[in-house]
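Observations on the three-dimensional arrangement
If you want the building blocks of each chain, they are given just below.
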Amino acid sequence: MLDEQENNEELRQSMQIIIEAGDARKSIMQALDLIGDGDYEASRKNLSTAKQKLVTAHALQTQRIQKEAAGDQVSYSVLFTHAQDTLMSVNSEYNLTKHLIEIFQRKESKKN
């Protein structure tokens, strides 16, 4: 059984994953708006910010998984499950947005 301090740390990590992924999602939505404006450079800058947030969130997730893989006790957490789900969804949004920039920029260059 985890003590209260360990449990609180696991909950804090889960919340931090959600926060980082949420911040990444915000940058991704801004990048999508910029694609609509044809500002691909600014869109890529927003994606770069999103990527940094996703890397941080992924590192936190990996710490938790490695702890369990090492045989340390971790408690089941709906919050951690939600954090993982959010991270993976936002990561998919990132990949789609990155691809959309390439598609729209290629389409625009063919027009000119």
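That block above? That's the structure.
In what follows, the accompanying structure is described. As the structure is a computational prediction, the values presented were derived from the model and not from experiment.

**What about the overall build of the chain?**
Along the backbone of the chain there are 3 helices and 0 strands. Along the chain, from the amino end to the carboxyl end, the secondary structure elements read α-α-α. Relative to the compact-globule value of 13 Å for 112 residues, the chain shows a C-alpha radius of gyration of 18 Å, a clear excess of over 25%. If you line up the chain on its principal axes, its C-alpha atoms span 65 × 20 × 20 Å. The proportion of buried residues among the 112 residues of the chain is 30%. Of the contacts made within the chain by residues no fewer than 6 positions apart, 76% connect residues no fewer than 24 positions apart. If you sum the accessible surface of the chain, you get close to 7200 Å²; carbon and sulfur atoms cover 52% of it.

**Some details on the pattern of salt bridges**
Any two side chains of opposite charge can pair if their charged atoms end up close together. Within this structure, the stated rule accounts for 7 salt bridges. A salt bridge links Arg 64 to Glu 10, with the shortest nitrogen-to-oxygen separation between them at 3.5 Å. Here Arg 64 is found in helix α2 (residues 40-69), whereas its partner Glu 10 is found in helix α1 (residues 4-37), with 54 residues between them in sequence. Each member of the pair, Arg 64 as well as Glu 10, is classed as buried. Among the salt bridges present, the one from Lys 45 reaches Glu 41, with a minimum N-O distance of 3.8 Å. Linking Lys 45 with Glu 41, this pair stays in helix α2, spanning 4 residues, or about one helical turn. For the pair formed by Lys 45 and Glu 41, the shared burial category is exposed. By sharing partners, the salt bridges in this structure join Glu 10, Arg 64 and Lys 67 into a single network.

**Observations concerning the packing of aromatic side chains**
Applying the stated rule across the entire model yields 0 aromatic pairs. The positively charged end of Arg 64 is found above the aromatic ring belonging to Phe 80, 4.2 Å away from the centroid.

**Describing the nonpolar core**
Counting residues in hydrophobic clusters, the biggest one holds 19 residues, and the most contacted among them are Ile 17, Ile 28, Leu 47, Leu 54, Val 90 and Tyr 94. Secondary structure elements with two or more residues in this core: α1, α2 and α3 (78-111). A total of 7 residues in this core trace back to one element, the largest contributor, which is α1. Apart from residues lying up to four places away in sequence, Leu 47 is in contact with Ile 28, Ala 31, Tyr 94, Thr 97, Lys 98 and Ile 101.

Procedures and definitions
- Residues numbered from 1 in each chain as written.
- Predicted model: local features only at pLDDT ≥ 70, side-chain atom pairs only at ≥ 80, totals over all residues.
- Heavy atoms only, no water.
- Helix = DSSP H or I, 4+ residues; strand = E, 2+ residues; numbered from the N terminus.
- Rg over C-alpha atoms; globule rule 2.2 N^0.38 Å.
- Buried < 20%, exposed > 50% of the residue type's maximum accessible area, 1.4 Å probe, protein only.
- Contact = heavy atoms within 4.5 Å.
- Areas by Shrake-Rupley, 256 points an atom, 1.4 Å probe, with all protein chains shown as cover.
- Salt bridge = Lys/Arg side-chain N within 4 Å of Asp/Glu carboxyl O.
- Phe/Tyr/Trp six-rings, centres within 6.5 Å; stacked < 30°, edge-to-face > 60°.
- Lys NZ or Arg CZ within 6 Å of the ring centre and 35° of its normal.
- Core = buried A, V, L, I, M, F, W, Y, C linked by side-chain atoms within 4.5 Å.

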